[in-house]
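# Structural features, examined
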Amino acid sequence: MSWHVAIRFFFLILFSGLLAYIGDVLGYRIGKMRISFFSLRPRVTAQVIAVGTGIVITFITIGFSSLISQEVRIALFNIDRLIEQQKELLVVNEDLKQKNEALLKKS
């Protein structure tokens with residue numbers, strides 16, 4: 001693994017941890033203030049805020065990863081094309097193996 005990838009993962013993990021901490025503190029404070037959204041109990045409201053923050057963390061992580069890495073963009077948004085290319089390359093590889101074996105037998 002290259003240093004660039006390790007640094008990207010480090011910042012991604014750090015950023016995700018920061019967002020998780022913010023979500024936890026926000027949920028805790030909303031629970032302490034006894035705030036209620038959508039006629040939910042304050043405890044449930046705090047849990048909804050914490051879960052919502054987790055969802056936001058996922059979206060931000062995917063977005064951040066997509067911004068900093070072309071490989072992630074390709075893997076996330078072009079996976080069908082990658083699978084098709086892999087299948088095609090497997091066929092080509094088998095063909096080349098057979099041609100190589102035939103050439104080795106001739107010589």
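Now for a description of the structure that goes with this document. Everything quoted here is computed from the prediction, not taken from an experiment. (Residues numbered from 1 in each chain as written. Predicted model: local features only at pLDDT ≥ 70, side-chain atom pairs only at ≥ 80, totals over all residues. Heavy atoms only, no water.)

### Section: the overall build of the protein chain
The number of helices and strands found in the protein chain is four helices and zero strands. Listing each helix as α and each strand as β along the protein chain from the N terminus yields α-α-α-α. Here the protein chain has a C-alpha radius of gyration of 24 Å; the compact-globule value for 107 residues is 13 Å, and the former is much larger. Its C-alpha atoms put the protein chain at 85 × 30 × 20 Å along the principal axes. When the 107 residues of the protein chain are sorted by exposure, 16% land in the buried category. Sequence-distant contacts in the protein chain: of pairs separated by 6 or more residues, those separated by 24 or more amount to 38%. Counting every atom, the protein chain has about 9,000 Å² of accessible surface; 68% of that belongs to carbon and sulfur. Taking the average place of the 13 positive charges on the side chains of the protein chain and the average place of its 8 negative ones, the gap between the two points comes to 15 Å. (Helix = DSSP H or I, 4+ residues; strand = E, 2+ residues; numbered from the N terminus. Rg over C-alpha atoms; globule rule 2.2 N^0.38 Å. Buried < 20%, exposed > 50% of the residue type's maximum accessible area, 1.4 Å probe, protein only. Contact = heavy atoms within 4.5 Å. Areas by Shrake-Rupley, 256 points an atom, 1.4 Å probe, with all protein chains shown as cover. Lys, Arg positive; Asp, Glu negative; His and termini not counted. Charge placed at Lys NZ, Arg CZ, Asp CG, Glu CD.)

### A closer look at a nonpolar patch on the surface
A cluster of nonpolar residues, W3, I7, F10, F11 and L14, forms a patch on the protein surface that exposes about 610 Å² of accessible area. Inspection of the secondary structure assignment puts I7 in helix α1 (residues 3-32). (Patch = residues over 30% accessible without salt bridge, like charges linked within 9 Å, V, L, I, M, F, W, Y side chains within 5 Å. Salt bridge = Lys/Arg side-chain N within 4 Å of Asp/Glu carboxyl O.)

### Concerning the environment of R43
Along the polypeptide, R43 turns up in helix α2 (residues 42-68). Take R43: its relative accessible area is 57%, and that puts it in the exposed class. Separated by 15 residues in sequence, R43 and Y28 have C-alpha atoms that sit 9.1 Å apart.

### Focus: the packing of α2 against helix α3 (residues 70-77)
Where α2 contacts α3, the axes come no closer than 5 Å and their chain directions differ by 125°. One way to sum up the angle between α2 and α3 is to call them oblique. For the crossing formed where α2 meets α3, the hand is left-handed. Facing α2, whose interface residues are I62, S65, S66, L67 and I68, α3 presents Q70, V72, R73, L76 and F77. Within the contact of α2 with α3, the residues separate by chemical class into six nonpolar, three polar and one charged. (Axes fitted to C-alpha atoms, helices over the stretch in contact; angles between N-to-C directions. Parallel < 35°, antiparallel > 145°, perpendicular 65-115°, else oblique. Left-handed = near helix turned anticlockwise from the far one by under 90°. Nonpolar A, V, L, I, M, F, W, Y, C, P; charged D, E, K, R; others polar.)

### Description of the pattern of salt bridges
If you walk through the whole model with that rule in mind, you get two salt bridges. Of the charged contacts in the structure, one is a salt bridge between K97 and E94, with a shortest N-O distance of 3.9 Å. Of this pair, K97 and E94 both sit in helix α4 (residues 79-106), separated by three residues, roughly a single helical turn. Salt-bridge contacts for D95 lead to K99; the nearest nitrogen and oxygen are separated by 3.5 Å. Highlighted residues: D95 and K99, both in helix α4, separated by four residues, approximately one helical turn. Assessed through its relative accessible area of 35%, D95 is described here as partly exposed.

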